[in-house]
Number of protein chains: 2
Amino acid sequence: MVTIAVDAMGGDNAPKAEVEGAVRAARTLGVRVILVGRQEVLRRELEQFDDYRGLPIEVVNATQQVTMEDSAARAVRSKRDSSVRVASRLVRDGIAQGFVSAGNTGAVMATAKMVQGVIHGVDRPALAGIFPTLAGKPVVVIDVGANVDCSPRMLAQFAVMGEVYSRVVLHQERPQVGLLSIGEEEHKGNDTTRCATPLLKNLPLDFVGNVEGSDIYTGKTDVIVCDGFIGNVALKVSEGLVDMVKQMLQESLQATITRQIGSLLARAAFTDFKKRVDYSEYGGAPLLGVRGITIISHGRSNANAIKNAIRVAAEFSAGNVNQRIEGELANGRQAV
Amino acid sequence: MVTIAVDAMGGDNAPKAEVEGAVRAARTLGVRVILVGRQEVLRRELEQFDDYRGLPIEVVNATQQVTMEDSAARAVRSKRDSSVRVASRLVRDGIAQGFVSAGNTGAVMATAKMVQGVIHGVDRPALAGIFPTLAGKPVVVIDVGANVDCSPRMLAQFAVMGEVYSRVVLHQERPQVGLLSIGEEEHKGNDTTRCATPLLKNLPLDFVGNVEGSDIYTGKTDVIVCDGFIGNVALKVSEGLVDMVKQMLQESLQATITRQIGSLLARAAFTDFKKRVDYSEYGGAPLLGVRGITIISHGRSNANAIKNAIRVAAEFSAGNVNQRIEGELANGRQAV
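Residues numbered from 1 in each chain as written. Chains lettered and ligands numbered in written order. Predicted model: local features only at pLDDT ≥ 70, side-chain atom pairs only at ≥ 80, totals over all residues.

Enquirer: When you look at the relation of the copies chain B and chain A in this model, what are you seeing that I'm missing?
Expert: Mapping between the two chain copies consists of a rotation about an axis together with a translation along that axis. Of the two same-sequence chains, chain B is brought onto chain A (RMSD 0.1 Å, axial shift 0.0 Å) by a rotation of 180 degrees. Expressed as an axis order, the relation between the two copies is that of a two-fold axis. Within chain B, B:Gly262 has its C-alpha nearest the rotation axis, a separation of 2.0 Å. Taken as a fraction of all interface residues of chain B, those also at the interface in chain A reach 100%, which identifies the copy contact as same-surface. (Least-squares fit on C-alpha atoms with pLDDT ≥ 70 in both. Contact = placed C-beta atoms within 7 Å.)

Enquirer: Which parts of the structure should I look at to understand the nonpolar core?
Expert: Soluble globular proteins: nonpolar side chains tend toward being buried together. Among the nonpolar cores identified, the biggest contains 226 residues, and A:Val6, A:Ile310, B:Val6 and B:Ile310 are the most heavily contacted of them. Among the domains, domain 1 (1-122 + 289-319) and domain 2 (127-282) of chain B are the pair contributing at least three residues each to this core. (Core = buried A, V, L, I, M, F, W, Y, C linked by C-beta atoms within 7 Å. Buried ≥ 20, exposed ≤ 12 C-beta atoms within 10 Å, placed from the backbone. Domains from an automatic or database assignment.)

Enquirer: Looking at this structure, I do not really get the confidence of the model for chain A. What am I missing?
Expert: Low-pLDDT portions of the prediction should not be read for the details of their coordinates. Predicted confidence across chain A gives a mean pLDDT of 92, with 96% of residues reaching 70 or more. For this predicted complex, the interface confidence score (ipTM) comes to 0.89, while the overall pTM stands at 0.91. (pLDDT = per-residue confidence, 0-100.)

Enquirer: Whenever I open this one, the sheet that holds strand 2 (residues 32-37) of chain B confuses me. Can you help?
Expert: Residue and element names in this part refer to chain B. Ordered in space as 3-2-1-4-11-10-5-6-9-7-8, the eleven strands form an open sheet in which the pairing is mixed. Strands at the two margins of the open sheet, each flanked by one partner only, are strand 3 (57-61) and strand 8 (206-211). For this sheet, the mean inter-axis angle between neighbouring strands, taken without regard to orientation, is 25 degrees. Here strand 5 (residues 126-131) runs beside strand 10 (residues 285-288); their pairing, made up of two bridges, is antiparallel. If you follow Ala126 over to strand 10, its bridge partner there is Leu288. (Pairing = 2+ DSSP bridges. Helix = DSSP H or I, 4+ residues; strand = E, 2+ residues; numbered from the N terminus. Axes fitted to C-alpha atoms, helices over the stretch in contact; angles between N-to-C directions.)

Enquirer: It is not clear to me how the packing of helix 6 (residues 152-168) of chain A against helix 7 (residues 191-201) of chain A should be interpreted in this structure. Could you clarify?
Expert: Between two packed helices, what matters for the description is the angle formed by their axes and the separation of those axes. Residues and elements named next belong to chain A. At a minimum axis distance of 8 Å, the contact between helix 6 and helix 7 shows a crossing angle of 50 degrees. As the angle between them shows, helix 6 and helix 7 are arranged oblique. Regarding helix 6 and helix 7, the two cross each other, and that crossing is right-handed. In contact with Pro152, Arg153, Leu155, Ala156 and Ala159 of helix 6, helix 7 contributes Thr192, Cys195, Ala196, Leu199 and Leu200. (Parallel < 35°, antiparallel > 145°, perpendicular 65-115°, else oblique. Left-handed = near helix turned anticlockwise from the far one by under 90°.)

Enquirer: Can you walk me through the interface of chain B and chain A in this structure?
Expert: With 50 residues of chain B at the contact, the number on the chain A side is 50 residues. The set of elements that each furnish at least two residues to the side of chain B that touches chain A consists of helix 8 (228-253), helix 9 (257-265) and helix 10 (267-277) of chain B. The element that contributes the greatest number of residues to the side of chain B that touches chain A is helix 8 of chain B, accounting for 20 residues. Partitioned by chemical class, the residues of the side of chain B that touches chain A number 27 nonpolar, 13 polar and ten charged. (Nonpolar A, V, L, I, M, F, W, Y, C, P; charged D, E, K, R; others polar.)

Enquirer: Would you mind showing me how to read helix 11 (residues 303-318) of chain A here?
Expert: An α-helical turn contains 3.6 residues, so a residue and the one three or four places further along point in the same direction. Residues and elements named next belong to chain A. In this model helix 11 runs 23 Å from its N-terminal to its C-terminal C-alpha over 16 residues, within 8% of the 22 Å that 1.5 Å per residue would give. Listing the buried residues of helix 11 in full gives Ala305, Ile306, Lys307, Asn308, Ala309, Ile310, Arg311, Val312, Ala313, Ala314, Phe316 and Ser317. Positioned one or two residues after helix 11, Asn320 has a phi angle of 50 degrees, which is positive. (Expected span 1.5 Å × (residues − 1).)

Enquirer: What should I look at first to understand the packing of helix 1 (residues 16-28) of chain B against helix 11 (residues 303-318) of chain B in this one?
Expert: Residues and elements named next belong to chain B. At their nearest, the axes of helix 1 and helix 11 sit 7 Å apart, and the two run at 50 degrees to each other. In this view, helix 1 runs oblique relative to helix 11, as classed from their interaxial angle. For the pair helix 1 and helix 11, the sense of crossing is right-handed. On helix 11, the residues that touch Ala17, Glu18, Glu20, Gly21, Ala22, Arg24 and Ala25 of helix 1 are Ala303, Ile306, Lys307, Ile310 and Arg311.

Enquirer: In this structure, what is going on with the pairing of strand 2 of chain B? I would like to understand it.
Expert: Looking down a regular strand, the side chains alternate between one sheet face and the other. Residues and elements named next belong to chain B. Burial of strand 2 is extensive: five of the six residues sit out of reach of the surface. With five bridges connecting them, strand 1 (residues 3-7) and strand 2 associate as parallel partners. Each residue of the ladder has a partner; that of Val6, found in strand 2, is Leu35. Read from strand 1 through helix 1 to strand 2, the crossover connection turns out right-handed. Summarising the sheet, strand 2 and strand 3 pair through five bridges and their orientation is parallel. Bridge pairing in strand 3 places Val36 opposite Val60. (Right-handed = clockwise from strand over helix to strand, strands pointing away.)

Enquirer: Which parts of the structure should I look at to understand the sheet that holds strand 5 (residues 126-131) of chain A?
Expert: The strands making up a sheet are joined through hydrogen bonds of the backbone, oriented either antiparallel or parallel. All names here are of chain A. With mixed pairing, the eleven strands of this open sheet are ordered in space as 3-2-1-4-11-10-5-6-9-7-8. Across the chains shown, the open sheet's two edge strands, defined by having one partner strand only, are strand 3 (57-61) and strand 8 (206-211). If you compare each strand with its neighbour and ignore which way they point, the axes differ by 25 degrees on average. Inspection of the sheet shows strand 5 paired to strand 6 (residues 139-142) by four bridges, in the antiparallel sense. Along strand 6, the bridge assignment pairs Gly129 with Val141.

Here you go:
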């Protein structure tokens, strides 16, 4: 049975969302879960669930907590018994195959890199965002915030990691990989994308050239490679826009009685729609390139998002993603 | 009366959308419009409108046409009688105060810079995207695609130009200016944003520090400054996401009879919503920093978008935006 640790003190709704998500995962996914955080708090939360004693859930104590205000450096240096650090150590020591955190993204990334280490051949781990598309299949956007000022060589490595993830975890048979730019023609882009293009062409994968921002949601390609600054902007712009759309629709639908009735009748459609664009269905962003498995969930994660993040971690583990990335990087060594 | 030239051969729906947009503008906005393109084609289109002879509309002939496939360099070098070039010349010669084009963005920018020239103190003109926000007021995102690999000094100039535009054309009293980054803290960003921060702080405007991608749609600030590569990705990601949302909602709403009835009753709400997120309401993106006025509309522009772009050009002209930008840049000379 796969074991996944959960940083139970990380997110905006911690530890409630984390504990409930863990219970749901343990009930239905065939996964053992280790909740990491203040023992007495977590046990009290677990008592809410009648069946928890029969479930494969354990609690491991951690006395400290990284907050959203802590810098990554401070979290790593001075909070050695934080829930994220203890969870990461469980992965390093092989007690858990992976861990999930909805906490301070910078601190989680820095901790995972330092405690678990980086897999052979990877210069820099990268955060892979999983986006919904019109084509129905998810697209992997890598990097969405682990690195800024990326070199062309880093982008080539992101392509390799993203392609393996798409193939193995998202079951895309022969993933197509695009480079995020501002026009499809090869000369359209900035210095980094122009220098990355020949490297990407030399990789043993299906590179289709430049794609534009609008192509993320069409599902034109399965993997989109970009600098982490740009990927983070794309991710956050999307979140902001979805929030705006939801609120505008709600306001418009409440403006008259007729619309209210219409809205009532169409309610299932909106639930449907919200589910299709809801980040919580996708669970979280895998940090690719570190040893073991690290899934970073949205700070706003609810129990459903945490459960899905645990599912993603388990699937990641079953697919031996890291070994495959190591193999592919060795294969494409000339290029990256 | 303000005179605005329209490149009538530019957009995906040219010349139909351009001619109809010009007629609507001439009817209602108190603006004189010069349609530029193949004379006989434009006259034939104009004949569709019974009242056109009484309207302040003229036609100026241009025998060539820039296509979406032409590179900017080729358009400038070898199509000297193109509709965009002739329109730009009308602005240079003072016959029109500005021009509107829904054509090849790269070609329009290159033509305007070369033919009209750059205003004093500006290193590089920048494209200002006008986005809707939850706060009801529009936000100016600058640059959305005129420049890549921007220097910190260029970002500071974009801030000055965007602030003037927000104040004078969008009537924000004391516009707040943010720098697009990946976290609010000053140290979060890339090399360029970190070096731009002190320059922005020294400008005589209300600089509020870093903002994130999600802040574009909250209306947290009135102006958001970024490299053109990043702004272009933000713009296109937004367009792609809105297209996805519209289509997903439509699919969901057609899935059952009950929902179809609901959808019918709520139809006005969707029209409302589409209008609120519709780029065509905003008319187009002003290219700030060139002499005269250049408004670049979306390739997909319909007649409404063209009419609104003509309105934007007229407001731009009435506000003496270029003189004010020149003055502000002279004011903040130490910084930029």
